[in-house]
Every structure is written in C-alpha cells, then in structure tokens.
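# Understanding the architecture of this molecule
Residues per chain, in single letters:
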Amino acid sequence: MEMADQKTVAKDAVSSNGVQQKSIEDFDPPAKPRRNKYASACAILASMTSVLLGYDIGVMSGAIIYIKKDLKISDVQVEVLTGILALYSLLGSGMAGRTSDWIGRRYTIVLAGAIFFVGALLMGLAPNYGFLMFGRFVAGIGVGYALMIAPVYTAEVSPASSRGFLSSFPEVFINVGILLGYISNYAFSKLRLNLGWRMMLGVGAIPSVMLSFGVLAMPESPRWLIMQGRLGDAKIVLAKTSDSKEEAAIRLDDIKEAAGIPEECNDDVVKVTKRSTGQGVWRDLLLHPTPSVLHVLVCAVGIHFFQQASGIDAVVLYSPRIFEKAGITNSDKKLIATIAVGFVKTMFILVATFLLDRVGRRPLLLSSVAGMIFSLASLGMCLTIIDHSHKKVMWAVVVCIASVLSYVAFFSIGMGPITWVYSSEIFPLRLRAQGCAIGVAMNRVVSGVLAMTFISLYKAITIGGAFFLYAGIACVAWVFFYNLMPETQGRTLEEMGQFFGKFTKWRSAARELDMQRKNAVVNGEGGSGGGMLGK
C-alpha cells in the first residue's frame, strides 16, 4: 500500500517550474501491440497466390519422371520443360508492375489466378510435348504475376509491428504448394502412365479458382488507393489494418507525402500529380538512380540472384534424381523421400515467420546461408564418395538424405523468406512495384537457367561437383550479405535513407541513428520505435 502511495505521489508531483515529474511506470517498456487479425487475413489471402508457383515446382519434380517415359523425351527436353516456366514468368512479372499500378493490387491477384487456371488446364490436357510447352508458357505468365504482386500487397497492407511476419507469408505458401505438389505426385503415381502425370498437372487449376474467389473479400492496398487520390477509401483500410488510430494517421501522412499530396489536404478524393502515378520510375531506378536507390537496387537484385544461384531449385526440382544418385532406386521410396523434403521445408518456413520480427533479418540470413554452405559441401562430398564407390556406402546415403533435409531447412529459416521480405520493404513507395518486378525478374532468370542446366552440369562435372559449385556460390553470397545489406527491422523509410547509399560503410550511419534514438528516449522525446518502414 505504501509503495502504491509513493507511485501516486510521484505521478502527480509537479516541480516548482511547472513540469510534471515522471513516475516509475513512465519508464516501463511499451506494451507490444496485439497481432492485427484483419491485416493477417489479408496477407494470407494475397500470399496464397504463391501456392501456384510452389505447386508447379513440386509437381514437376515427380511428373517429369512419367512425362519422360510417356512422351519419350530426352534429358535436354526434360531440362527445358522443367525450367522454362521460370523464364516464361518473366513476362508476367514484367507486366505485373504496370498492371498493378493500373488496375490495383487486388485485381492483379485475381488476374494471376485466372491465367494460371488456363495454363494448368492446358498442361493437364496436353497430347504432346509442344502443347505441354504452350501450357507451361501460359502458366508461367500467371506465376510471374503472382510472384510480383503477393509480397508488394502484403508489405503495403501490413502494420509495422508485424510486417516481417506477414511479408514472409508468400514464401510460406510457396512451400505449402511444393509440399502439395509432392503429395500429388505420390497420389497419382498409381494411375496408368498417360493419365497420372496429366492429373498431377491438371489439378493445379483447383487452387487458382479458390484463390480468385477469396481475393474478392480483400480490400485494396491503401497505398494504391492514395496513389489514385482515393484518400477516403484509404483511411478506412488503414484504420482496419493498423495497430492503433495513431499509427493509421502516421501511415496516411507518410503515404500522402510520398504521393506528393499536401499534408493539409484531407478530402476523400484528391488529384494526384503525374509524377506520383508512375511516370519517370524506370528512369529513377535504372538510368539516374540516387546513391540510396542504387544501393537498394543492388541489395534487392543481389539477394534474389543468390537465393536461386545457391541451388535451391536444383534440390527441389530434381530431388528424385538426387536420391537416385544417392542409391535410392525404388520409385515409391524416392517420392516418399521427396515428400519428406517438402515437409521439412514447410515446417522450417513456419518457424522463420515467428523469428523475423524477433531476431531480425541479418542474423537469420547470415546463419541460414552458413548452414546452407555446410549442407551443400557435405552433400557434394557424400555424392562424390558414392559416385566413386563400387558398392553401396550406407553411411554416405544417410548423410546425403540428411544433407538435403538440412539444406532445405536452413534455406527456409532465412534465405527463403527474407529474400521476399527484404526486397519488398526497402524500396520507396513510388519505386516499389517496378523495383520488386526487377528483383523477381532476376529471381526467375537464375531459377530458369539453373533448372535448365542442372542435368547437363552434373553430367559435365559430376553431381558432387555441381553441389560443390553451389556451395562456393553460397560462400560469395554470405560475404555479399555481410558487407552490403543493413538490418531493416524497426527502421523507418527515412532512417533507411540515411544508411542506404553508404554501401559497405552503412554500419557507421546505423550506429549514429541508434545513438540518436537512445538520446531521444533519455530526453523524453520518444523514439521512432516500430517505424513505418513500408510507407
């Protein structure tokens, strides 16, 4: 009782100069906001578009075994058929930036689902290799749209406190799609040869239909609404997707500033300047970027490049072949082992979603890539031993399987989700759609090249040598991330502008900002705290 009285006196006390004294409670850390369920639901629905890519990756790893037998195609044709969708998706991701600025983020998601639906039906009904390639072309465009728009919408609708958590959802659903594809392979593998693989590919149309209906319940991105001058509609969405009224007001002011709308303008509908509607974006990104924009672009393109160049699609797309090289020859056992890969990958991506906003981007990314290097090196070593042995080396087979599982686990806990989270949150609003499209384009090019060369590569330098090569690329990636990529957790866009542009010298600017934050808190001015990074 006495302690309570002391707190009350301290709280009510006023000094002789009229300044209210601070109580002990004033120095308590602020309560962590509860997860915004409405924003989470929106992020989940938008991110479900990524199931389309995941399902295609997963299902092709097994379907290609039966396609090769049925259509009697060569290994080169297998490589092209497997990897070409990634290159076709470039067309979709290239058009998605402009399309999403024109018709909105929400209807772009619907368009992605509709295009993939047509592509999946064409692949499922394909009578020959040429028709199957056409189906891959159509599906690839849908995948390109989905890959670009899901992280953009999610970053724009998420409150600052859970942006990392929600922005990792696209990668979560890619992994869910991969697992569903692996399960589909096993489920339809018992059907007759010419029907089984067509069912595997054709049922991919089902999630795209469900997605298109679900997206209609989502609101439009508040940032897109403001870019169109629809302030009234944006205020409603921001009120539902923010953790507090104060945060909604801050987000509104930040986006208005980025869109060139005067702060005092509060009409429901306003006229937006031509510059803020997308003109000059490519010039500012590629031809005359500021040091800050150039640094952002290098980081975004770099992380997308290394995500794919470190070999993830080789493992996911060709896991049955890798297990066969490791000594597992039974088709059912190969498919079951592949399902294990999908299960581990999905479980660890779920773990990563809860760590992103607690641990930070850099620690997760660097530890993830270090684990990938170790796993790739051990996989390469064991495959080399098996390749040069005249009898079955059981311990090497076990280590190969364990290395594949640990590789996808390490990838999923850092490199996988952080690529999409990081690249979607570092671009300024006006450059975000096109900037993310460039990152996705790099991602798809490298994915396609890797998928279309893996069989030829391991025939040229052995399968163990191929994984040693991917381990070397992952080493370069670790050095790149350590030197060039700042931590973005809890940073506002204004703060990031102070250390993006410094390239390898960003640490000194970050330390100075941290000191300013501490001084502001000590002086009672408050900090930027959660910030509005994705303004």
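A brief report on the enclosed structure follows. Computed from a predicted model, the values in this text were never measured in an experiment.

### Focus: the nonpolar core
Core analysis: the largest hydrophobic core is formed by 133 residues, its most contacted members being Ile67, Leu201, Phe454, Phe467 and Phe481. Looking at which element gives the most residues to this core, the answer is helix α6 (residues 129–157), with 15 residues. Leave out the neighbours within four places in its chain, and Leu201 touches Val59, Met60, Ala63, Ile67, Ala120, Met123, Gly124 and Leu132. By size, the runner-up hydrophobic cluster in this structure holds 17 residues, among which are Met227, Ala259, Val270 and Val272.

### Here's the deal with the environment of Asn128
Mapped onto the secondary structure, Asn128 falls in the loop between α5 (105–124) and α6. Taking C-alpha positions, Asn128 is 9.6 Å from Asp70, a pair spaced 58 residues apart along the chain. Separated by 2.8 Å, the side chain of Asn128 and the backbone nitrogen of Phe131 make a polar contact.

### Examining helix α4 (residues 75–103)
Its 29 residues give α4 an end-to-end C-alpha distance of 42 Å, which sits within 8% of 42 Å, the value for a rise of 1.5 Å per residue. Of all the bends in α4, the greatest, near 40°, is centred on Ile84. Of the residues trailing α4, Gly104 is marked for its positive phi of about 100°.

### Considerations on empty space enclosed by the protein
In this structure the tally under the stated criterion is three cavities of 30 Å³ or more. Considering only enclosed or pocket space, the largest cavity measures out at about 120 Å³ in volume. Taken together, 15 residues form the lining of the largest cavity, with Ile57, Glu171, Ile174, Gln308 and Asp313 sitting closest to its centre. For the lining of the largest cavity, the elements supplying multiple residues, two or more each, are α3 (50–71), α8 (169–188), α15 (291–309), α16 (312–317), α20 (394–425) and α21 (429–451). Partitioning the lining of the largest cavity into residue classes produces eight nonpolar, three polar and four charged. Approximately 80 Å³ is the volume attributed to the second largest cavity. Along the wall of the second largest cavity there are 14 residues; nearest its centre are Ile57, Thr82, Leu85, Ala86 and Leu317.

### Side note on the packing of α4 against helix α22 (residues 454–461)
Contact geometry for α4 and α22: axes closest at 8 Å, N-to-C directions at 135°. Between α4 and α22, the angle falls in the class oblique. Between α4 and α22, the residues in contact are Asp75, Val78 and Glu79 and Phe454, Ile455, Ser456 and Lys459, respectively. Broken down by class, the residue content of the contact of α4 with α22 amounts to three nonpolar, one polar and three charged.

### Brief notes about the pattern of salt bridges
This model, assessed by the stated rule, comprises 11 salt bridges. Among the salt bridges present, the one from Glu156 reaches Arg105, with a minimum N-O distance of 2.9 Å. Remark: Arg105 occurs in helix α5 and Glu156 occurs in helix α6; sequence separation between them is 51 residues. Taking the relative accessible area as the measure of exposure, Arg105 reaches 3% and is therefore buried. Measuring nitrogen to oxygen at the nearest pair gives 3.1 Å for the salt bridge that ties Glu324 to Lys334. You can see Glu324 sitting in helix α17 (residues 319–325) and its partner Lys334 sitting in helix α18 (residues 331–359), a full 10 residues away along the chain. Looking at Glu324, the relative accessible area reads 42%, which means it is partly exposed.

### Quick notes on the packing of α15 against α21
Where α15 meets α21, the closest approach of the two axes is 8 Å, and the angle between their N-to-C directions is 30°. When the interaxial angle is binned, α15 and α21 end up roughly parallel. Crossing hand, α15 versus α21: right-handed. Across the interface between the two elements, Val293, Leu297, Val301, His304, Phe305, Gln307, Gln308 and Ala309 from α15 touch Leu431, Ile438, Gly439, Val440, Met442, Asn443, Arg444, Val446, Ser447 and Leu450 from α21. Residue classes in the contact of α15 with α21 are distributed as 11 nonpolar, six polar and one charged.

### A look at the side chain of Ser47
Looking at the secondary structure, you find Ser47 in helix α2 (residues 37–47). Discounting residues that sit within four places of it in the chain, Ser47 has contacts with Ala150, Thr154, Phe169, Pro170 and Phe173.

### A few points about helix α12 (residues 231–241)
For α12, the complete set of buried residues consists of Leu231, Gly232, Ala234, Val237, Leu238 and Thr241. In this structure, the buried side of α12 is in contact with α2, α6, α11 (222–227) and α13 (245–259).

### Structural notes on the environment of Val110
Relative to the helices and strands, Val110 resides in helix α5. Owing to a relative accessible area of 19%, Val110 belongs among the buried residues under this scheme. Linking Val110 and Tyr145, residues 35 residues apart in sequence, is a C-alpha distance of 9.7 Å. Beyond its immediate chain neighbours, meaning those up to four positions away, Val110 contacts Ser212, Val215 and Leu216.

### Quick look at the side chain of Gln307
With respect to the secondary-structure elements, Gln307 resides in helix α15. What makes Gln307 buried here is its relative accessible area of 2%. Within the structure, the side chain of Gln307 is placed 2.6 Å from the side chain of Asn443, a separation counted as a polar contact. In this structure Gln307 touches Glu171, Ile312, Phe411, Met415, Gly416, Thr419, Trp420 and Asn443, once residues within four positions along its chain are discounted.

Analysis parameters
- In this convention, every chain numbers its residues from 1, walking through the sequence in written order.
- Given that this is a predicted model, residues contribute local features only at a pLDDT of at least 70 and side-chain atom pairs are listed and counted only at 80 or more, while totals for whole chains, interfaces and linings are drawn from all residues.
- Side-chain numbers here rest on the full set of heavy atoms in the structure, without hydrogens or water.
- To form a nonpolar core, buried Ala, Val, Leu, Ile, Met, Phe, Trp, Tyr and Cys residues must be joined to one another through side-chain atoms within 4.5 Å.
- When a residue's accessible area, from a 1.4 Å probe over protein chains only, is under 20% of the maximum for its type it is buried; when over 50% it is exposed; and in between it is partly exposed.
- Numbering goes from the N terminus for both helices and strands, where a helix is a DSSP run of H or I of at least four residues and a strand is a run of E of at least two.
- By definition in these notes, contact holds between two residues if any of their heavy atoms fall within 4.5 Å.
- Under this definition, polar contacts are N or O atom pairs within 3.5 Å; protein pairs additionally need one hydrogen-donor-capable and one acceptor-capable atom, and for neighbouring residues in sequence, both atoms have to be side-chain atoms.
- By this rule, a helix spans an expected 1.5 Å times one less than how many residues it contains.
- Note that bend, as reported per residue, equals the angle between axes fitted to the 7 residues terminating at that residue and the 7 residues originating from it.
- A pocket, in this scheme, is an open set of points on a 1 Å grid over the protein atoms alone with protein on both sides within 12 Å along at least 5 of 7 lines, while a cavity is a set where a 1.4 Å probe fits but cannot get out; residues line either one if an atom lies within 4 Å of a point.
- Grid points are joined across faces, edges and corners, and a volume is the space filled by probe spheres set on the points.
- Each residue is assigned to one of three groups, with Ala, Val, Leu, Ile, Met, Phe, Trp, Tyr, Cys and Pro labelled nonpolar, Asp, Glu, Lys and Arg labelled charged, and all others, Gly among them, labelled polar.
- Comment: axis = line fitted to C-alpha atoms, over the contacting stretch for helices; angle = value between 0 and 180 degrees taken between N-to-C directions.
- By definition in this entry, angles of less than 35 degrees are roughly parallel, angles greater than 145 are roughly antiparallel, angles of 65 to 115 are roughly perpendicular, and the rest are oblique.
- Should a side-chain nitrogen of Lys or Arg be within 4 Å of a carboxyl oxygen of Asp or Glu, the pair is scored as a salt bridge.
- Two helices crossing with the near one rotated counterclockwise from the far one by less than a right angle form a left-handed crossing, whereas a clockwise rotation gives a right-handed crossing.

Shape descriptors only; they carry no functional weight alone.
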